[in-house]
Amino acid sequence: MVIPLRRSATGFAPTLDGDAHVLAKLAFAATLPLFAQVFYYLNEYPAPYLLSKAWPFLTLPLALYGMVRLKLPVGRMFMVVLAYGLGFTPMVSVIQLGNGFLDALTTTIKAWPFTYYFSLSAVLALLAVPPESIRKAVLGLGAATFFLMVIIYLVAPTSWYADNPADSKLLLFDLERGYRVYMPMFFGMILVFFLSRAFVLKRNILYGLGVALAFAPMLLIYKQRAAIAAALVVVVFGMAMSLPQRARRIVIGLALAAVAVGLFLVGRKLGLLPGGSSGDAQDAFGASLSVRQNSSALAFAFLGDDPLRWIFGVGATTRFSTVTLNDIFGNDQFFIADLGWIGVVFEYGIIGAVLLAVLHIWCFATAFRLTRGLDDPFALALSDYVLYLIISSAVYSVVFTPGELGVVMALTIYLDRRRRALPPGPPPGEPRLLTIGRALGTRRVTLGRSGAPARAG
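My aim in this report is to walk through the structure given alongside it, one point at a time. None of these values were measured; they are calculated from a predicted model.

1. A short note on the nonpolar core
Stage number 1. Counting residues in each nonpolar core, the largest one holds 94 residues, and the members touching the most others are Leu120, Ile134 and Phe193.
Stage number 2. Examining the composition of this core, we find that 11 residues originate from one element, helix H15 (residues 341-371), more than from any other.
Stage number 3. In this structure, Phe193 is in contact with Ala231, Val234, Val235, Ala381, Asp384, Tyr385 and Tyr388, ignoring residues within four places of it in sequence.
Stage number 4. Listed in part, the 13 residues of the second largest apolar core include Leu325, Phe329, Phe334 and Phe346.

2. Here we look at the side chain of Arg197
Stage number 1. Mapping Arg197 onto the fold places it in helix H8 (residues 186-201).
Stage number 2. A polar contact of 2.9 Å, which involves the side chain of Arg197, links it to the side chain of Ser242.
Stage number 3. Ignoring anything within four residues of it in the chain, the contact list for Arg197 reads Phe237, Gly238, Met241, Ser242, Pro377, Leu380 and Asp384.

3. Observations concerning the environment of Lys71
Stage number 1. You can see Lys71 is positioned in the loop between helix H3 (60-69) and helix H4 (75-97).
Stage number 2. Non-local contacts of Lys71, meaning those with residues more than four positions away in its chain, are made with Gly66 and Arg417.

4. Points about the packing of helix H9 (residues 205-222) against helix H10 (residues 225-241)
Stage number 1. Relative to each other, H9 and H10 sit at 165 degrees, their axes nearing to 11 Å. As the angle between them shows, H9 and H10 are arranged roughly antiparallel. Our pair here, H9 against H10, has a crossing hand that is left-handed. Listed contacts from H10 to Val211, Phe215, Met218, Leu219 and Tyr222 of H9 are Ala227, Ile228, Ala231, Leu232 and Val235.
Stage number 2. Its residues assigned to classes, the contact of H9 with H10 shows 10 nonpolar, no polar and no charged.

5. Some thoughts on the environment of Tyr40
Stage number 1. Looking at where Tyr40 falls in the secondary structure, it is placed in the loop between helix H1 (19-35) and helix H2 (46-58).
Stage number 2. Overall, Tyr40 belongs to the buried group, its relative accessible area being 0%.
Stage number 3. Tyr40 has contacts with Tyr49, Ser52, Lys53, Ile109, Lys110 and Pro113, leaving out every residue within four places of it along the chain.
Stage number 4. One polar contact links the side chain of Tyr40 to the main-chain carbonyl oxygen of Ile109, over a distance of 2.7 Å.

Thresholds applied
- Residues numbered from 1 in each chain as written.
- Predicted model: local features only at pLDDT ≥ 70, side-chain atom pairs only at ≥ 80, totals over all residues.
- Heavy atoms only, no water.
- Core = buried A, V, L, I, M, F, W, Y, C linked by side-chain atoms within 4.5 Å.
- Buried < 20%, exposed > 50% of the residue type's maximum accessible area, 1.4 Å probe, protein only.
- Helix = DSSP H or I, 4+ residues; strand = E, 2+ residues; numbered from the N terminus.
- Contact = heavy atoms within 4.5 Å.
- Polar contact = N/O pair within 3.5 Å; in protein donor to acceptor, adjacent residues only side chain to side chain.
- Axes fitted to C-alpha atoms, helices over the stretch in contact; angles between N-to-C directions.
- Parallel < 35°, antiparallel > 145°, perpendicular 65-115°, else oblique.
- Left-handed = near helix turned anticlockwise from the far one by under 90°.
- Nonpolar A, V, L, I, M, F, W, Y, C, P; charged D, E, K, R; others polar.

So this is what it looks like as structure tokens:
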């Protein structure tokens, strides 16, 4: 079957009708979790796990199309990061860690999802996915995230939980937090940000209750403290930005005061301020803190006083490499992804860390600019998620699931181009004739047979 293409603001889009249009929307919804890296680390489920690992290569033709044809904002910065992460860092790992050629190429697997910005943009343009279908798919997957989290927590026997992340990525147990479900929360967080924005913009208490209900399973089941704290900061930011200017200033002032108090309390817990001790931090954060402290010490010791290692990093290994980082350090609890920007500097060096920081800040500035002034809670929630990635990067590496940034930016750019490509419709209850007259600045407007407005003499 040959599908005719038409030129549109987002690229070449097929003219789909009937069943083909429905299939296009289903294809988008079905592949979206793969772009969002939902299964990327769930190695206990081999089929979706392996498909997720292969997805950057299966969608590579689409990524090349997006790079060449779509002229995407921030596209060149994405390409620079890809060139550095896929081309330069593997060579560094050969020199610094003794990786073989194939092992070095294997380590690039986590950087390949940066291409999702281009490949998902191509999917959206080629399938001409309606904005409403995008909103329903993302928010529906967000609701499904919370539903599955609760169901899994209620029905999974304790024998399925593991105290070692190498054995299970979804069901975890530790003494400090007990049994918890480490659910992939990309869609869930976007749903939370959508509800918080809608609560203020639509002035509907039900959205506020939805935010509270969403935080309940995150606190009781998900239990990722840094992620929840970052989400709370973004929710407050989103609500404040959706308020009138005077109320916004008050809320931002109160939020800054709360952050200051929180930093003070955390500083005391960590023993960095008078009145606290490191023992308090150990009691509060338990093994999670000790593992991060040990990993940080090992990373700094390996970087040492060699300026080349600090500037360019040392690369990484995989669990399939001939020599792994665990072998080098003699410690099976060394996790780069849990070190935030320290881990980024360790792997990519200061140059790589700067490139990644510029990319994320540029993406947030672009998303913020394109959504500023909109009353669309979903578009604003996508912008909020970029901010969430920046805030949570203090603890979680920005290269842990880089596909998330690509997905959010692809959706943001596509929705913006659809908004600019389509003429705004009349406000509810306002006749179309009056709207056209206002747009043309005339008092009298008549419509010809074709429906085109003609100025009256």
